[in-house]
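Here is how the chains run, residue by residue.
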Amino acid sequence: MSLVMVLAVLAGISVANLYYCQPLLNLICSDTGLSEFQVNLMPVFTQAGYALGMLFIIPMGDMYNRRATVMVCFLAVTLALVAVFFAHSTTMLLTASFVTGFFSVSPQVFIPFVSLYAKPELREQKVGVVLSGLLVGVLMSRVLSGYVGHLWGWRSMYLIAATIMGASALVVLRIFPRVEPTYKGSYLSLMLSLKELISKKALLYSIRAGFAFGSMLGLWACIAFHMKSAPFYADSDTVALLALCGVAGAITAANAGKYIPRYGHERMNMAGILLVICAWLILWLFGSSYAGMIAGIIVIDIGMQCIQLSNQNATMNLNPQAASRMNTIYMVIYFIGGSLGTFVCGSMWTLAGWTGTVMAGMALIGFSLLISLTTCHTQTAAD
């Protein structure tokens, strides 16, 4: 198995930690006695931790040995997952969720590494492979946790996840190459250099992708509650099966990279946004049927991966020698958008049920469309 394929698998295993909770929210509610709104804070804290982890950890990929950074992250995540398993208070549950997110950032070490050292003609394709592995991890985490929660309870999932992460740390120690850093200087100067790397284009790419990501995560933040209610009355294992529909998005990501040089990242991004809008329309009109839910999930995942891959590549290509820091700028904003979408859609579910969730999701992707149209107009005027 090639190094890129191994990194794709490790990326999926690592990012899965962010999403185990989503099909389990009903079970966590029942076990802890918390309200739906309070339990929805668990994915919010996890994603907020991920955003801050990317801000403070990922830039070190340009400064320190990436293997050591990944090893520390994997071991810290293992301990955090054990803490979630033992959590019996709201404070411990949310704190452990935050720490889990903070140290689950290893995929964002892998992606700049592949982008920097791959042959230029293969760069987008190999980044797409790692991203595909990441996406498979996202969807399989929901499938696995849905079934494990249904069979053995939600806490068992976190014990299994801790075991997987411990084993993955041994794999990293064995296979990840030692690479010389590209940045010479102190950690403080490294962090201050982020300000110098921020450009209008980097912000626009990141913000529009972040709103789109928030729109998609808003769906998954509320889907367990929606499926529990009429007319479905479904358990977590049904939510797990719906997550399998997202494999279409993962397959798309593995192949979409080769189309970016042909069509450009702006067209790929716009195609993705239009697909996400179509998905929410499907979920609004047919969200009371399994066919409607399945179709909406497939379309939203395909659209989101077009948005993700086009904007992430565009951001890193603005300054390839600072790929880790450019990726930091992108992913911090991206996951802030994810946290915002989870919170907004969760709040709207509490206020107006599924209709409120759809309204919030459409509003978020609408902001992404508005920014994209502004970006295209600005570039056209500049040309």
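Residues numbered from 1 in each chain as written. Predicted model: local features only at pLDDT ≥ 70, side-chain atom pairs only at ≥ 80, totals over all residues. Heavy atoms only, no water.

Peer 1: Would you take a moment to explain a nonpolar patch on the surface for this structure?
Peer 2: On the surface, V136, M140, Y147, L241 and L244 cluster together into a nonpolar patch covering about 390 Å² of accessible area. Per-element accounting of the nonpolar patch gives the leading share, 3 residues, to helix α8 (residues 123–152). Following the sequence through the fold, M140 ends up in helix α8. (Patch = residues over 30% accessible without salt bridge, like charges linked within 9 Å, V, L, I, M, F, W, Y side chains within 5 Å. Areas by Shrake-Rupley, 256 points an atom, 1.4 Å probe, with all protein chains shown as cover. Salt bridge = Lys/Arg side-chain N within 4 Å of Asp/Glu carboxyl O. Helix = DSSP H or I, 4+ residues; strand = E, 2+ residues; numbered from the N terminus.)

Peer 1: Please explain the pattern of salt bridges as it appears in this structure.
Peer 2: Across all of its chains, the model carries 2 salt bridges by this definition. The closest approach of N and O atoms between R155 and D31, which form a salt bridge, is 3.0 Å. Residue R155 is located in helix α9 (residues 154–175), and its partner D31 is located in helix α2 (residues 25–32); the two are separated by 124 residues in the primary sequence. Here E266 ties to R208 by a salt bridge, and the two come within 3.1 Å at their closest N and O atoms. On the criterion of sequence distance, the pair formed by E266 in helix α15 (residues 265–286) and R208 in helix α11 (residues 200–228) is long-range, its members being 58 residues apart. Owing to a relative accessible area of 13%, E266 belongs among the buried residues under this scheme. (Buried < 20%, exposed > 50% of the residue type's maximum accessible area, 1.4 Å probe, protein only.)

Peer 1: Even after reading the chapter, I still don't get the layout of surface pockets, so can you show me in this structure?
Peer 2: A volume near 170 Å³ is recorded for the largest pocket. If you trace the largest pocket, you find 13 residues lining it, with G12, I13, A16, G137 and M140 closest to the centre. Counting only elements with at least two residues in the lining of the largest pocket, the list comes to α1 (3–15) and α8. Broken down by element, the residue count for the lining of the largest pocket peaks at 6 residues, all from α8. Of the residues contributing to the lining of the largest pocket, the split by class is 9 nonpolar, 4 polar and no charged. (1 Å grid on protein atoms, 1.4 Å probe; cavity = no way out; pocket = protein on both sides within 12 Å on 5 of 7 lines; lining within 4 Å. Points joined across faces, edges and corners; volume = space filled by probe spheres on them. Nonpolar A, V, L, I, M, F, W, Y, C, P; charged D, E, K, R; others polar.)

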